[in-house]
Amino acid sequence: NDVHFQGFVHMLLLHLMLLLSAAVSVSLPLCSPLLPDAAKLRLLQLHRSNDSAPLTLWRVQKSGTTSMCAMVVYEYRVVRKLPAIFSGMCGSQWKELFQGKLLWKDAHDAGVSFIGLEPAAKPNWFPDAYHAFAAPYLNPDSPAEMHAHVWQNFVHLLVVRHPFERAMSAFNFRHEFQHNVIDVCHKHNVTSRLKCFERCLDLCMGGRSSRHYDWFAELAPAQANMVGSQICGNFLTQHLSHNSTLSVAMTNLRRFSLILDLASHPILSSELLSCVLKWDNPIVPISNRNIDSKQLQLSDLSVDHLQ
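What comes next is a walk through the structure. Given the structure is predicted, the values throughout are model-derived calculations rather than measurements. (Residues numbered from 1 in each chain as written. Predicted model: local features only at pLDDT ≥ 70, side-chain atom pairs only at ≥ 80, totals over all residues. Heavy atoms only, no water.)

Some words on helix α2 (residues 38-50)
So, step 1. Taking 1.5 Å as the rise per residue, α2 with 13 residues should run 18 Å; its terminal C-alpha atoms sit 19 Å apart, in good agreement.
So, step 2. Considered for burial, the residues of α2 that qualify are K40, L43, L44 and H47. Seen from one end, α2 has its buried residues packed into an arc of 100°, which puts them on one side. Turned more than 90 degrees away from the buried face of α2, the exposed residues are A38 and S49. (Helix = DSSP H or I, 4+ residues; strand = E, 2+ residues; numbered from the N terminus. Expected span 1.5 Å × (residues − 1). Buried < 20%, exposed > 50% of the residue type's maximum accessible area, 1.4 Å probe, protein only. Arc of directions from axis to C-beta.)

Notes on the nonpolar core
So, step 1. W58, W94, F98, Y130, Y137, L158 and L240 are the most contacted members of the largest nonpolar core, which has 31 residues in total.
So, step 2. Dropping the residues within four chain positions of it, F98 is found in contact with T56, L117, Y137, M146, H149, V150, F154 and H156.
So, step 3. A53, M71, Y76 and V159 belong to the second largest nonpolar core, which has 27 residues in total. (Core = buried A, V, L, I, M, F, W, Y, C linked by side-chain atoms within 4.5 Å. Contact = heavy atoms within 4.5 Å.)

What to know about the state of the cysteines
A covalent bond between the sulfur atoms of two cysteines is referred to as a disulfide.
So, step 1. Taken as a whole and assessed by the stated rule, the structure comprises three disulfides.
So, step 2. For C185, the disulfide goes to C196, at an S-S distance of 2.0 Å. The sign of the 80° torsion about the S-S bond sets the C185-C196 disulfide as right-handed. With C185 in helix α9 (residues 181-187) and C196 in helix α10 (residues 193-206), this pair connects stretches of sequence that are eleven residues apart.
So, step 3. One disulfide bridge connects C204 with C232, the sulfur atoms lying 2.0 Å from each other. (Disulfide = S-S within 2.5 Å.)

Some thoughts on the pattern of salt bridges
So, step 1. One pass over the structure, following the stated rule, counts five salt bridges.
So, step 2. D51 is paired through a salt bridge with R80; the nearest N and O atoms lie 3.1 Å apart. Residue D51 is located in the loop between α2 and β1 (55-58), and its partner R80 is located in the loop between α3 (66-79) and α4 (94-99); the two are separated by 29 residues in the primary sequence.
So, step 3. Of the residues examined, D51 reaches a relative accessible area of 7% and is grouped as buried.
So, step 4. Three or more residues are tied together by salt bridges with common partners; here these are D51, E75 and R80. (Salt bridge = Lys/Arg side-chain N within 4 Å of Asp/Glu carboxyl O.)

Okay, here's the thing in structure tokens:
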């Protein structure tokens, strides 16, 4: 589940901290990226010198990557004086770039400075249609050209969050065209956010065939899918595998050049961005500006809720 997977992620982050404190003989970069190998170092060298190997930001943690997006835009627009245009929420034409239908040189010449992908932004597309699209590069045994293209031509960056925090963020997140579970509850005359969250847990326990799914789906099918995948699903596993399995997700996790936890390790994250990607004095926000007193907090939940 997400908690066990997150434990594995933080074990790798601990490995990063040890590397950061001990690495004195690595020439590129001075601190080692996660589980370094020759291919990753080659990509990082190309990226650090002239951006010919583009940075790919995996936006898979909801508002956990909002700060990362702002930092990326600042690095390219303000520090590097590049246009850094993008479409949507810090995204780009990542599917076309991954497929090879759009060449990075052409995208870069048009003003794109980095790649951002946010598959779950389309709730009806995620995870089933996403898995069908991503299988050529997420399946470790895939013989597709897309597999080698994705992992050998892009520098991959992932931002992670504690799964409970991510689930609460998904619940509180309100977007007119994407996710708004709270408004579905209001339309059902459920005004208590805690009661609304309990409705979400009922759906999690009952699944798509239950009346709890229908309770959401009759008003907003996309919200019903969002509850099952983003509030109580193995969200990170679903993004990093083509079949929602932990083993595949762990294999693909090792392919990333950099994994950051901005909330739990802000200082380390800043140091790694500077050292691994050669960013100029990045500042990781310590507090989450999206939190307000009206949102449901982890402290509002009982032990039964967390269980």
